[in-house]
Amino acid sequence: MSEAASIMAGMPGVSAVWTRAGDRYTRVSPVRYDRMTNPGEKAWFVQHAQELVDTEAAAYGPEVIATLVDDTTYSVAGDHGGIQRRSQQIPIVFAGADLSRTDLQAPVRSVDVMPMLLKHMGIAVDPGLDGVGYTLPTRPSRGR
């Protein structure tokens, strides 16, 4: 483990440390399940940690990532949160003349917003664009 990863692993509130290996991250420390005290936190980590840290895996991404347990942050202005459920599950609300009050039952991510709106407006979505162009629930047409 690198020196930076070793230092991060010893920081309070760290659940695991990961290093970038190409297009994904490899966990290089044990997972500190003993630090996870909120209900469901361990299950969320097991189900989502790898996929969420891998979203950072790019040539311009960090070499080392330390994931944090719930209610822990080492943040700075402009920070986007962590892998915790409360940081990831943020309601997204769309409103418009033809949209219904029906919920879109899909795991929408921020990266899905642009292709979803483009699709709703009838604009072709570039197939190379990240994200999913979900169909928004609409009201029945009123004779237009």
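Refer to the structure above for everything that follows.
Structural notes, computed from the coordinates. As a convention, each chain's residues are numbered from 1 in the sequence order in which they are written. Restriction of local features to residues with pLDDT of at least 70 applies here, the model being predicted, together with a cutoff of 80 or more for giving and counting side-chain atom pairs; totals for whole chains, interfaces and linings are based on all residues. Derived side-chain values reflect all non-hydrogen atoms in the structure, with water molecules and hydrogen atoms excluded from consideration.

Things to note about the pattern of salt bridges
Put simply, the rule reads: Put simply, a salt bridge is a Lys or Arg side-chain nitrogen that is within 4 Å of an Asp or Glu carboxyl oxygen. The classification of residues rests on relative accessible area computed with a 1.4 Å probe and restricted to protein chains. Under 20% of the type maximum is buried, over 50% is exposed, and intermediate values are partly exposed.
One pass over the structure, following the stated rule, counts 2 salt bridges. Two residues, D34 and R32, come together in a salt bridge whose shortest N-O distance is 2.7 Å. Judged by relative accessible area, D34 falls into the exposed class, the value being 55%.

Examining the side chain of E41
Convention followed: For the purposes of this entry, the term helix denotes a DSSP run of H or I that reaches at least four residues, the term strand denotes a run of E that reaches at least two, and both are numbered from the N terminus. Every residue pair with non-hydrogen atoms within 4.5 Å of one another is taken to be in contact.
With respect to the element layout, E41 can be found in helix α2 (residues 41-54). On the accessibility criterion, E41 (6% relative accessible area) is buried. What E41 contacts, discounting residues up to four positions off in sequence, is M36, V69, D70 and R85.

With respect to the sheet that holds strand β2 (residues 24-27)
Working definition: the strands of a sheet are paired by backbone hydrogen bonds and lie parallel or antiparallel to each other. Here is the rule: Only strands joined by at least two bridges in the DSSP assignment are considered to pair. Here an angle of 0 to 180 degrees is reported between the N-to-C directions of two axes, which are lines fitted to C-alpha atoms, with helices fitted over the stretch in contact.
Pairing within the open sheet is antiparallel, and its 3 strands lie in the order β2-β1-β3. Both outer strands of the open sheet, β2 and β3 (64-68), are each paired with one neighbouring strand and no more. Going across the sheet, the axis of each strand differs from the next one's by a mean of 35°, ignoring polarity. As paired strands, strand β1 (residues 14-21) and β3 are joined by 5 bridges and run antiparallel to one another. Note that in β3 the partner of V17 across the bridge is A66. Along the sheet face, α2 touches β1, β2 and β3 and points at about 40° away from the line of β1.

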